[in-house]
Amino acid sequence: MSTLTRHLNGARETVQMYNRRVHVPLLGELAVPPADKVAYYGGLGLLAALQIIEWPVALVITAGHLLADQHFSGLVKGIGEALESA
């Protein structure tokens, strides 16, 4: 299996992980992150609640991970669109 094929298979799996959605009253439909992401963010929240790390540090780490996931998701979408048009 080539490197490109491995990356495209991983991209497809990533898109499928974020396809789960939940309808929340007053907020509408929200995407549900994978379980490992929920555990990660929950762990950050717990560390901040126990004052092991400061709240601003937890927020910066969370924002960084959300931005990285959003960038990767956009990259995956672009690859998918390119494959569809080929």
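Since the model is a prediction, treat every value here as computed from it, not as a measurement.

Each value, and the rule that gives it
- Residues numbered from 1 in each chain as written.
- Predicted model: local features only at pLDDT ≥ 70, side-chain atom pairs only at ≥ 80, totals over all residues.
- Heavy atoms only, no water.
- Patch = residues over 30% accessible without salt bridge, like charges linked within 9 Å, V, L, I, M, F, W, Y side chains within 5 Å.
- Areas by Shrake-Rupley, 256 points an atom, 1.4 Å probe, with all protein chains shown as cover.
- Salt bridge = Lys/Arg side-chain N within 4 Å of Asp/Glu carboxyl O.
- Helix = DSSP H or I, 4+ residues; strand = E, 2+ residues; numbered from the N terminus.
- Phe/Tyr/Trp six-rings, centres within 6.5 Å; stacked < 30°, edge-to-face > 60°.
- Buried < 20%, exposed > 50% of the residue type's maximum accessible area, 1.4 Å probe, protein only.

## Some points on a nonpolar patch on the surface
Okay, so step 1: A cluster of nonpolar side chains, Leu46, Leu47, Leu50 and Ile52, forms an exposed patch at the surface whose accessible area comes to about 390 Å².
Okay, so step 2: Inspection of the secondary structure assignment puts isoleucine 52 in the loop between helix 2 (35-49) and helix 3 (55-85).

## As for the packing of aromatic side chains
Okay, so step 1: Enumeration according to the criterion identifies 1 aromatic pair in this entry.
Okay, so step 2: With centroids separated by 5.7 Å and ring planes inclined at 70 degrees, the aromatic side chains of tyrosine 40 and tyrosine 41 adopt a geometry described as edge-to-face.

## Let's talk about the pattern of salt bridges
Okay, so step 1: One pass over the structure, following the stated rule, counts 1 salt bridge.
Okay, so step 2: Note that arginine 21 and glutamate 29 form a salt bridge whose closest N and O atoms lie 3.8 Å from each other.
Okay, so step 3: Residue arginine 21 is classed as partly exposed on the basis of its relative accessible area of 48%.
Okay, so step 4: Assessed through its relative accessible area of 54%, glutamate 29 is described here as exposed.

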